[in-house]
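# Structural characterization, general
The residues making up each chain are set out below.
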Amino acid sequence: MNPIALILLAFAMSTDAFAAAIGKGASLKNPRLSEALKMGVIFGTIEAITPIIGWLIGKSAVSYVETWDHWIALVLLVFLGVHMIYEGLKPGADVIEKPIKQSFFKVSLTALGTSIDAMAVGIGLAFVDVNILAAAALIGLATTIMVTLGVMLGRVVGAVIGHRAEIFGGVMLIGVGFWILSSHL
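Per chain, residue numbering runs from 1 following the sequence as it is written. In view of the model being predicted, local features appear only for residues whose pLDDT reaches at least 70, and side-chain atom pairs are presented and counted only at 80 or more, with totals across whole chains, interfaces and linings using the full set of residues. Think of the side-chain values as coming from all heavy atoms in the structure, minus any hydrogens and water.

## Overview of the overall build of the chain
- Labels follow the DSSP assignment, with helices taken as runs of H or I lasting at least four residues and strands as runs of E lasting at least two, numbered in each case from the N terminus. Helix and strand content of the chain: seven helices and zero strands.
- Traced from its N-terminal end to its C-terminal end, the chain shows the element sequence α-α-α-α-α-α-α.
- Across the 185 residues in the chain, those meeting the buried criterion constitute 51%.
- Contacts were defined at the residue level, with two residues in contact if any of their heavy atoms lie within 4.5 Å. Considering only residue pairs separated by 6 or more positions, the chain has 96% of its internal contacts joining residues 24 or more positions apart.
- Per element, the accessible surface of the chain, about 9,300 Å² overall, is 73% carbon and sulfur. Three labels apply to residues, based on accessible area from a 1.4 Å probe with only protein chains included: buried if under 20% of the type maximum, exposed if over 50%, partly exposed otherwise in between. What sets the accessible areas is the Shrake-Rupley method with a 1.4 Å probe; for residues, cover comes only from the shown protein chains.

Below, the structure is given as structure tokens:
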């Protein structure tokens, strides 16, 4: 997988966390940069760990599906991309919940919820030629940056962007899936 595809993948994986961060930022009265950065690091760390877990799961099955690996990656990425687009388009997607407290536990649970797709992407990455540590680091870094920005922008643009960021991320995932397929045919 080339560096451009990895960067696109990293930012695609961070868009659902970005959408969640906008909601978190919108619920805070006046988020400080340190608070936003702390949320970014929590999200980024979890988002970097989950593709490695998925990759390990996928590597255990690679010898059984090696001739179909690019198709598996395509199906997983397209499925996740379509799901993200659906989540961004469904009615009520722009409603932002306003939690009472931004505890470490609640932020971590939100981060875990947005990183499940990264675990599935990690499974798909096990079937292509990729340095999983570099991919995970890029995903974690992109997520840290996007969440930090999302929290800071949340109170200003929460009502405007909302879950539309997920639509963009879904389209990017589908594009990466077809990029992987085209490089193997």
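## Focus on the side chain of Thr15
- Following the sequence through the fold, Thr15 ends up in helix H1 (residues 3–27).
- Only 2.9 Å separates the side chain of Thr15 from the backbone oxygen of Ala12, close enough to count as a polar contact. The term polar contact refers here to a pair of N or O atoms within 3.5 Å; inside protein, the definition further demands a hydrogen-donor-capable atom paired with an acceptor-capable atom, and it admits residues adjacent in sequence only when both atoms are side-chain atoms.

## With respect to the nonpolar core
- Counting 21 residues, the largest nonpolar core has Leu9, Val121 and Leu125 as the members making the most contacts within it.
- One finds Ala17, Ala21, Leu28 and Val147 within the second-largest nonpolar core, a separate group that totals 13 residues. As used in this record, nonpolar core signifies buried Ala, Val, Leu, Ile, Met, Phe, Trp, Tyr and Cys residues forming a set joined through side-chain atoms within 4.5 Å.

## Structural notes on the packing of helix H2 (residues 33–59) against helix H5 (residues 104–125)
- Axes here refer to lines fitted to C-alpha atoms; in helices the fit is confined to the stretch in contact. Angles between the N-to-C directions go from 0 to 180 degrees. In the contact formed by H2 and H5, the axes pass within 6 Å of each other and the chain directions differ by 35 degrees. Considering the relative orientation of H2 and H5, their crossing is right-handed. If you view the pair so one helix is near and one far, a crossing is left-handed when the near helix is turned anticlockwise from the far one by less than a right angle, and right-handed when it is turned clockwise.

## A word on the environment of Val121
- Looking at the secondary structure, you find Val121 in helix H5.
- Looking at Val121, the relative accessible area reads 2%, which means it is buried.
- Residues Val121 and Gly177, spaced 56 residues apart in sequence, show a C-alpha to C-alpha distance of 10.0 Å.

## Thoughts on the side chain of Thr148
- Position of Thr148 relative to the elements: it lies in helix H6 (residues 132–161).
- In this structure Thr148 comes out as buried when scored by relative accessible area, which is 10%.
- Sequence-distant contacts of Thr148, that is, excluding residues within four places in its chain, are made with Leu33, Ala36, Leu37 and Gly40.

## Thoughts on a nonpolar patch on the surface
- A cluster of nonpolar side chains, namely Phe105, Leu109, Leu112 and Ile116, defines an oily patch on the protein surface of about 410 Å² accessible area.
- Looking at Phe105, the relative accessible area reads 58%, which means it is exposed. Only residues above 30% relative accessible area that lack a salt bridge enter a patch, with like-charged residues linked at up to 9 Å and the nonpolar side chains Val, Leu, Ile, Met, Phe, Trp and Tyr linked at up to 5 Å. When a carboxyl oxygen of Asp or Glu is within 4 Å of a side-chain nitrogen of Lys or Arg, the pair counts as a salt bridge.

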